Structure formats: C-alpha cells, structure tokens
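# Reading the structure
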Number of protein chains: 2
Amino acid sequence: MKINETRLKKRMDEINGISVTEDGGMMRLALSDADKKARDLLVTWMKAGGMEVKVDDMGTVYGVLKGTDPDASPIYVGSHMDTQPNGGRFDGFFGVMAALESIISIKESNINLKSDLVLADWTNEEGARFVPPMLASGVISGQFEKQWVYDKQDIDGIRYEDELIRIGYKGDERNRMTKAKAYLEPHIEQGPVLDSLGKEMGIVTGALGITGLDVIIRGEANHAGTTPMSHRIDALEIASDAILRIQENCREFGEPAVITVGRIEAKPSSKNIVPGEVYFSIDLRYHTDEGMALLEEQTCNIIEKVCAKHGASVEIKRYWRAAPAVFNEKIVNCVAEAADENGLDSMKIISGAGHDAVFINDVVPTGMIFVPSIKGMSHCPQENTEWKDIVKGTEVTADVLIKLDSIEI
Amino acid sequence: MKINETRLKKRMDEINGISVTEDGGMMRLALSDADKKARDLLVTWMKAGGMEVKVDDMGTVYGVLKGTDPDASPIYVGSHMDTQPNGGRFDGFFGVMAALESIISIKESNINLKSDLVLADWTNEEGARFVPPMLASGVISGQFEKQWVYDKQDIDGIRYEDELIRIGYKGDERNRMTKAKAYLEPHIEQGPVLDSLGKEMGIVTGALGITGLDVIIRGEANHAGTTPMSHRIDALEIASDAILRIQENCREFGEPAVITVGRIEAKPSSKNIVPGEVYFSIDLRYHTDEGMALLEEQTCNIIEKVCAKHGASVEIKRYWRAAPAVFNEKIVNCVAEAADENGLDSMKIISGAGHDAVFINDVVPTGMIFVPSIKGMSHCPQENTEWKDIVKGTEVTADVLIKLDSIEI
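Here we summarise the structure given alongside this text. (Residues numbered from 1 in each chain as written. Chains lettered and ligands numbered in written order. Predicted model: local features only at pLDDT ≥ 70, side-chain atom pairs only at ≥ 80, totals over all residues. Heavy atoms only, no water.)

Looking only at helices and strands, chain A features 12 helices and 16 strands. Across its three principal directions, the C-alpha atoms of chain A cover 80 × 45 × 40 Å. Contacts spanning at least 24 positions in sequence make up 78% of the contacts within chain A whose residues lie at least 6 apart. When the accessible surface of chain A is totalled, it reaches about 15500 Å², and 48% of it is carbon and sulfur. (Helix = DSSP H or I, 4+ residues; strand = E, 2+ residues; numbered from the N terminus. Contact = heavy atoms within 4.5 Å. Areas by Shrake-Rupley, 256 points an atom, 1.4 Å probe, with all protein chains shown as cover.)

This next bit is on the interface of chain B and chain A. Taken together, the contact pairs 52 residues of chain B with 52 residues of chain A. Between chain B and chain A, a total of about 4500 Å² is buried, with carbon and sulfur atoms accounting for 57% of that surface. Remark: the boundary between chain B and chain A carries 4 salt bridges. Linking glutamate 237 of chain A and arginine 251 of chain B is a salt bridge whose minimum nitrogen-to-oxygen distance equals 2.8 Å. On the surface where chain B and chain A come into contact, there are 16 residue pairs in polar contact (both at pLDDT 80 or more). Element by element, the count of residues in the side of chain B that touches chain A is highest for helix 8 (residues 235-253) of chain B, at 9 residues. (Buried area = accessible area lost by both parts, 1.4 Å probe. Salt bridge = Lys/Arg side-chain N within 4 Å of Asp/Glu carboxyl O. Polar contact = N/O pair within 3.5 Å; in protein donor to acceptor, adjacent residues only side chain to side chain.)

To continue, consider the pattern of salt bridges. Residues and elements named next belong to chain B. For the structure shown, the criterion picks out 74 salt bridges over all chains. Between arginine 7 and glutamate 101 there is a salt bridge, with the nearest N and O atoms lying 2.8 Å from each other. With arginine 7 in helix 1 (residues 5-16) and glutamate 101 in helix 3 (residues 93-108), this pair connects stretches of sequence that are 94 residues apart. The buried category is assigned to arginine 7, whose relative accessible area is 16%. Overall, glutamate 101 belongs to the buried group, its relative accessible area being 1%. Between glutamate 337 and lysine 403 there is a salt bridge, with its nearest N and O atoms 3.2 Å apart. (Buried < 20%, exposed > 50% of the residue type's maximum accessible area, 1.4 Å probe, protein only.)

On to the relation of the copies chain B and chain A, then. In screw terms, the move from chain B to chain A is a rotation of 180° and a rise of 0.0 Å along the axis, fitting with an RMSD of 0.0 Å. As the rotation angle and translation indicate, the two copies are arranged about a two-fold axis. Taking C-alpha positions as the reference, the residue of chain B nearest the rotation axis is serine 240 of chain B, at 2.2 Å. A share of 100% of interface residues in chain B that are also interface residues in chain A marks the association as one of identical surfaces. (Least-squares fit on C-alpha atoms with pLDDT ≥ 70 in both.)

We now examine the pairing of strand 6 (residues 201-207) of chain B. Residue and element names in this part refer to chain B. Along strand 6, 6 of the 7 residues are buried, which leaves the element largely enclosed by surrounding structure. Of the strand pairs in this sheet, strand 6 and strand 15 (residues 346-351) are connected by 6 bridges, and their pairing is parallel. Along strand 15, the bridge assignment pairs glycine 206 with isoleucine 350. In this structure, strand 6 lies alongside strand 16 (residues 366-371), joined through 3 bridges in antiparallel fashion. Looking at strand 16, one finds that isoleucine 203 is bridged to isoleucine 369. In the sheet, strand 6 pairs with strand 14 (residues 325-326) via 2 bridges, with the strands oriented antiparallel. Within strand 14, the position partnered with glycine 206 by the bridge is valine 326. (Pairing = 2+ DSSP bridges.)

This part is about the nonpolar core. Counting residues in each nonpolar core, the largest one holds 93 residues, and the members touching the most others are Leu100, Leu119, Tyr160, Met177 and Val400 of chain A. No other element matches the 10 residues that helix 3 (residues 93-108) of chain A contributes to this core. Once residues within four sequence positions are removed from consideration, tyrosine 160 of chain A is found in contact with Leu31, Met58, Thr123, Asn124, Phe130, Leu135, Ala136, Val149, Tyr150 and Lys152 of chain A. If you look at the next biggest cluster of nonpolar residues, it comprises 91 residues, including Leu31, Val64, Tyr160 and Val335 of chain B. (Core = buried A, V, L, I, M, F, W, Y, C linked by side-chain atoms within 4.5 Å.)

The next point concerns the packing of helix 8 (residues 235-253) of chain A against helix 9 (residues 289-310) of chain A. Residue and element names in this part refer to chain A. In the contact formed by helix 8 and helix 9, the axes pass within 9 Å of each other and the chain directions differ by 150°. By the angle between their directions, the pair helix 8 and helix 9 is classed as roughly antiparallel. Here the hand of the crossing between helix 8 and helix 9 comes out right-handed. Each of Ile238, Asp241, Ala242, Arg245, Ile246, Asn249, Cys250 and Phe253 in helix 8 lies in contact with helix 9, whose residues at this interface are Gly291, Leu294, Leu295, Gln298, Thr299, Ile302, Ile303, Val306, Cys307, Lys309 and His310. For the contact of helix 8 with helix 9, a count of residues per class yields 11 nonpolar, 5 polar and 3 charged. (Axes fitted to C-alpha atoms, helices over the stretch in contact; angles between N-to-C directions. Parallel < 35°, antiparallel > 145°, perpendicular 65-115°, else oblique. Left-handed = near helix turned anticlockwise from the far one by under 90°. Nonpolar A, V, L, I, M, F, W, Y, C, P; charged D, E, K, R; others polar.)

This part takes up the side chain of aspartate 121 of chain A. Residue and element names in this part refer to chain A. Looking at the element boundaries, aspartate 121 is found in strand 4 (residues 117-122). The buried charged residue aspartate 121 lacks any salt bridge, with arginine 39 as its nearest oppositely charged partner at 4.6 Å. From its side chain, aspartate 121 meets the backbone nitrogen of methionine 81 in a polar contact 3.1 Å long. (Lys, Arg positive; Asp, Glu negative; His and termini not counted.)

Residue and element names in this part refer to chain A. Of all 6 residues making up strand 16 (residues 366-371), 6 are buried, and the element is well covered by its neighbours. Here strand 16 shows two buried faces, one formed by Thr366, Met368 and Phe370 and the other by Gly367, Ile369 and Val371. Of the pairings in the sheet, the one linking strand 5 (residues 182-188) to strand 16 comprises 6 bridges and is parallel in character. Bridge assignment links glutamate 185 to a residue of strand 16, and that residue is methionine 368.

Another aspect to go through is the packing of aromatic side chains. For any pair of aromatic rings, the description rests on two quantities: the centre-to-centre distance and the angle between the ring planes. This structure, assessed with the given rule, holds 14 aromatic pairs over all chains. The interplanar angle of 80° and the centroid separation of 5.1 Å between the aromatic rings of phenylalanine 253 of chain A and tyrosine 286 of chain A together place this pair among those described as edge-to-face. Of this pair, phenylalanine 253 of chain A sits in helix 8 while tyrosine 286 of chain A is found in strand 12 (residues 277-286), placing the two residues 33 residues apart along the sequence. Following the ring pairs from residue to residue traces out a cluster consisting of Tyr62, Tyr76, Trp122 and Tyr183 of chain A. The cationic tip of lysine 9 of chain B hangs over the ring face of tryptophan 387 of chain B; the distance from NZ or CZ to the ring centre is 5.7 Å. (Phe/Tyr/Trp six-rings, centres within 6.5 Å; stacked < 30°, edge-to-face > 60°. Lys NZ or Arg CZ within 6 Å of the ring centre and 35° of its normal.)

Turning our eyes to something else, we now look at helix 1 of chain B. Residues and elements named next belong to chain B. In this model helix 1 runs 16 Å from its N-terminal to its C-terminal C-alpha over 12 residues, within 8% of the 16 Å that 1.5 Å per residue would give. Every buried residue of helix 1 is listed here: Arg7, Leu8, Arg11, Met12, Ile15 and Asn16. Here the buried residues of helix 1 occupy an arc of 155° about the axis, which is enough to place them on one side. Exposed and facing more than 90 degrees away from the buried side of helix 1 are Thr6 and Lys10. Those residues of helix 1 that are buried are in contact with helix 2 (33-48), helix 3 and helix 12 (387-406). The N-capping residue of helix 1, defined by a side-chain oxygen 3.3 Å from the backbone nitrogen of threonine 6, is asparagine 4. (Expected span 1.5 Å × (residues − 1). Arc of directions from axis to C-beta.)

All names here are of chain A. Its 13 residues place the ends of helix 10 (residues 329-341) 18 Å apart at the C-alpha level, agreeing with the 18 Å of an ideal helix rising 1.5 Å per residue. For helix 10, the full list of buried residues reads Ile331, Val332, Cys334, Val335, Ala336, Ala338 and Ala339. Elements in contact with the buried residues of helix 10: strand 5, strand 6 (201-207), strand 15 (346-351), strand 16 and helix 12 (387-406). Where helix 10 begins, the capping side chain belongs to asparagine 328, and its oxygen is found 2.9 Å from the backbone nitrogen of lysine 330. Looking one or two places after helix 10, you find glycine 343, whose phi comes out positive at around 70°.

This part is about the side chain of threonine 299 of chain A. Within the fold, threonine 299 of chain A resides in helix 9. With a relative accessible area of 0%, threonine 299 of chain A lands in the buried category.

This is the structure we're talking about:
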C-alpha cells in the first residue's frame, strides 16, 4: 500500500536534526537528552495519529492502534531510536519510523485490522552508552534481570534507571510486550550483500549465532638483536600464522561463516623485543548451532596445532555465546509475498548483526525486513540507504502487518 | 694473568646490593641515587688502586693508571654501570668491574705498560631513563650534540644536565676520551649463542646494523557479523600474511639477519569490527651495509605485494638506521690470542645489540669481549653468567690490555 512519503521524510529529518555531529553523524545515545527529544516527538506523532501511548519499566515506548477484535493478540512492529556515537541516519530509526508511518497509513486507509498494531521503540539497543546491547528487549525475553539492567552505568557512572527517571520514561512493568501474535522489525542490512547484488529487499530468515573467544599465546620474549631467528619463540609470528589459518579455514567452511580478529596486543610491545605474549580476540558467527560448534572446534584445533608446532603454549577462553536465531516461517513467508507483490527484487538473507528481534524471537514469533545499505556502511556518518528503498521498505512493512492480521501463526 | 677473584666478587656484590627489586633485579637507572652510590664506590676503589679519577662534561667517569711513556696514546677499557629497570647483575657492570680489576691486577703484578690504562664508565648506555641509549658515547663519537643530550628529560621531566649536577658528576669537557690508541669493552653476550654452543668466550668482530621501519596497512573497517568473508579487506589478516612472509624471507636470507615485529596495533580495536588499519614496527638487523639495504628492500617489496594482492594500501617509513660496525682487526686478533692462551673454547661472534663500543668504533680502534649469558636472558632479573666465565673474562681483559700496549694499531 502507498504510504505518505512526504510526512515520513519530514518526520525523519526532524528527529535526525536533533543532535548532529561535525561529520554529519547522529549522536542520539540511549536515554540522553537527544533520545528524550526524539521520544517526545514520537509520542506526539503517535497521539496525533490516534494511537494510545504506553511506556514500560525498561523505558520502551509503545504506541497502540486499537484493533476490532478484543480477543486477538496484538501485532508488534518497531526497532530502536538510539544510535552509536557519530552513528548513521537509518540504523534502528528506520524501523521505528516505518512502523509509525505504516500504522498511521493503515488507519488513514480505513483498513480495520482485528489485532491491535503496536509500535515498539526499544531502549538501548546499541549498547553504546550502556553495555551490553539490547538491554530492554533482553529483559522482555528473559536474557537479563531487570535490576541488573537498572544498575548498568555509562562511562560517567550514571545509572540506567536514574536516566530513565530523569528523562521521564520510567514506565510500568504491566505495559511490557505480552501475548503478542507477532513481532516485525524493519532494519537496514548494515552489510554489503543486498547492495552489491543489486537487490531491493532482504527477506530475513534468521540471525547468525555468535561465539566469542579470547586467545593468549605465550612464546619467549627476547632481545631483537641478540636472538638469532633460529632461537626464537616469537608469539606474534605464531599468532600471525594462526590468524591466517583460522580465516582460511573459515572461508573453506563456507558462507555465512565469518571469523573476525578485531583486537590484538603484543607484549611487552617494544620495537626491539621479540614478543613473548600475544592476545587476540575471535568473533565467530554461523547460522546453525551444530555448524557454529564445529567451526569453533576446528578454530581452536588449528590454533593449538600451530602453537604446538612452534613450542608455544596457548590458552583459549570462550567469553560469549549467543545461539543462532531462526525466524518464524509464516512471518518470513508474509515478508516474501509482500516483497513480490510490490514488485521488488528481493532475496533471503541471514542477519549477521544482533537485533532486538533476535532476543524477541525467543518469546514471540518474529520476522525482519532488510533494506539495502549502500556499500554496507554502518555505525558511521557515511551509512546510507536510497530514499526509494526507505519508502519501499515502509510500504512492505504496512503490507506485512495487514497479512499478519489475516493469518494464523 | 690471574686476577683477584675474591676482591672482584666482593666489589660486584657491594654495588649490586645498592638497589635491588623485589624480583632480585637491579634498579640502577642512569644518574639516579643508586647510580651515584655506584659511581662513588668506583671512584673510591680507583683512587685506592692508585688511579687518577676524572669526570667529563657528559658525566662519564674515567680512572687513569699512568703508563711509562708520556708520548704513548692511552688505552681505554670499560662499559657502563646504569641498568634497565629491574635489569640484570652483569649487563654493562661486568665490563666496568673487569676493567677495574684487570687494571689494578696489572699494577699489582708490577707490569709496567707504556700507555696509560683508562677505565671508562659511560653515562646512560641503556636509554632506559633518558632516551635514546648511549648518550655519552654518542656525544664523544659525534652522533649527538651535547646540548641536545643535556636537555633530554626522563618521564618526570627531569633534565640530564640537572641530574648530572645534582649527583655531582658534571665534569669538564677537557676530560673526554681523546687520541686513544684503543678501546676495549668486555660485556655479556645478552644472547643465547655462546651458551647454546657451550662456548666460553665470544671474539666480537663487529655489530649488526639496525634499520627501523614503521608500517601502516589500510584496509576497510567493517561489521564483524554483516560483512561476508568475501567482502572484507581485513587489515589484520593482511598484516599477518605480511609478517609471516617477511620473517620467512629473513630466515632464507640467512644468519645473522634478524627481523622483529615487536609492536602491533589494530584499529579500531573492537572485538566485533573487522580491523580497518594495522600498524606494526619492524626492527631489521644485518652485519653489512649492502646486505641490510637488500634485506630492507626485499622486506618492503614483500609487504607491498601482499597489500596489493588484497586491495589494501600501505605506508612504510624508515625511522632509524644505524650502520653495521666492523671492529679493529688487530684488537680482534689480540682478543682471539688471549682467549687461546687462556685455553678457552671461543668463537667469533657479531654483536646483535648496541653498545658504547659501537659508537666509539667510529672514532677509536675498538674491540669487544663477550662472556656467555645463560639461556641468553637479558634486561631481566634472570640474566646470569657463570662466575667462572666472569673470572675468565676479566683475566682475558687484562691479557688483552697488555697485548694492546705492545702492538702498533
């Protein structure tokens, strides 16, 4: 269905104008003054659109468009408005605005749905201000304890709960998402796949699981001048060998497997001392539990073998594991149908990033819609999506909501 | 010749007892109170041994045993007493004490040499307190300007010159080493070669030249989850590849070539972001100018080729170059003869580390004697040399001084 493109653009520009960095990036950290201003505008627009506004105890803002059947479970749609520091214009924010515009367009088109349509703006998805990410959806899905989240502090020692109270968005636990029929999250891809293949939409079938490993390789620190190459147990040379081999193995393992070594530290970190110890991180992702476990095992074996060959010792610790998500098949099908009916060139895709939808999927049938990210840029001012794709994404969102109302899930 | 082993041991223990760390390491930073106490003891012992004491404007302490021929150029022998923080018991200090004991033993043996024998205790060899190393010998050899050295500050902002004055060791420029016939520096190897081959002494023929490079590889920072392996330009994976290949090439280049990558930094250094930029240092050493230039060229070519293959850009800057040193052949021969005459199992060796002798070699005929370092340990409390090797090293030092007096150089 057609949505009001002009209104959508005007509203997005208004919120994206609240706090802009020198580079043109967004600075809307969770529960900051900028976040409060964005929430206030959202609340105003929801009320103006005939929606009832509620806030839950984690600060998540809901806007309810009443359905005709009081017995029908509500359908949720949304994302988050908080950003990374110097983040992009569409990450998260697109999903909230697509939800708002599609709900209001449905109402204005006099289409009466049985279910309530509920917009959700989740608190602190980015994890940029309060670590870790997805704190509000994490509580809803039972991943985190409420009090633990309340006590989370930002780098200035300010508590999550205190900021909720300060900006006036500490609501009631009774307002939380419950007994939902479905949750739909429209989002930018944050990766290069759709853009590089010229696709207009991604039908998201699930999300990669994540395994996080910390690796410490211990060799022998030695003088850079007096230690012949043949007498060295150079922890950095060994780490380099291991990093190359585990990434080569990951490529052979096949897509969507990814391995990232994002952090590395050599000790003592002196230009003229052979490194005696090297730490590096591994972020390993795959879309099935068994596959992820297998890739983790192979990765550890490769590192251990390389270290043993060079006479170094190694310690590998798993610090994080998030299971892969498989989204609800019926919702995935609704997204695929709606994309087809809108004449879009779409493809099935697995999300490599974490989203509120990944947590919500544990407790509510869930699906996602991806719009393309130009060159896959994300978490930076250069993040961008063509405006026509934002409009198409919003229209498909409306169509999927209508479809979800009509089917059994 | 026999030296007074008991006196040598007692004196070494006394100075090594001045400032000991929890780990049993030495803490005798240049121009610190501990260094002053060590200098004061050295001065006392030199005077007691009938030597005339002088201090030059860089703080270097000299002790002169007068020769019989006023026209003969003096023969210098020594090293340094400053240590690394938590350093070893023999690094530098052995050379000073071997010089003291051998000069006094020569005097006590009523051997009259034509040349003055001059002990030299160079200031700030380690570069641990005032960067860079070998500041005093660097001024003598014309590498550094006096005022530039005077203005060097430690991490607390205290000036070299002010500390010289504070501890009472700012002497006269006229006392500097001049018109010397030879300079001999006994030192521990600080490497594993002699120890691993079971050798008792190293006849040092020169020192490796050093080329220092800073390398920055620029790829593309990307999301660890949403960027398929095929879409990445991972600066750390590329750096790993380059590091492995340049070290493999160095091994093929052959000994004594060494390459050390001691520092590495990945940016943005986040566990879930593919590194967009990696910095690493290269310390490359070889014993000939031409060979060092060739190895540097090969090393840069390899890095550039690896980067080009992966679509990354690279910037390589040379921040340091010290030419290889070739010691005086006649002095080297004197050391070899003395080692043989003492029945020692010795070998020719090239120093991989920098020493005052490397700078002094530019202006005075120079040679070095190495005693073994157990397991090659250095700059740490575990640094050690067997006592018999300390004694043998001192006796050979005395014998070399006698030989140097008798030959033309």
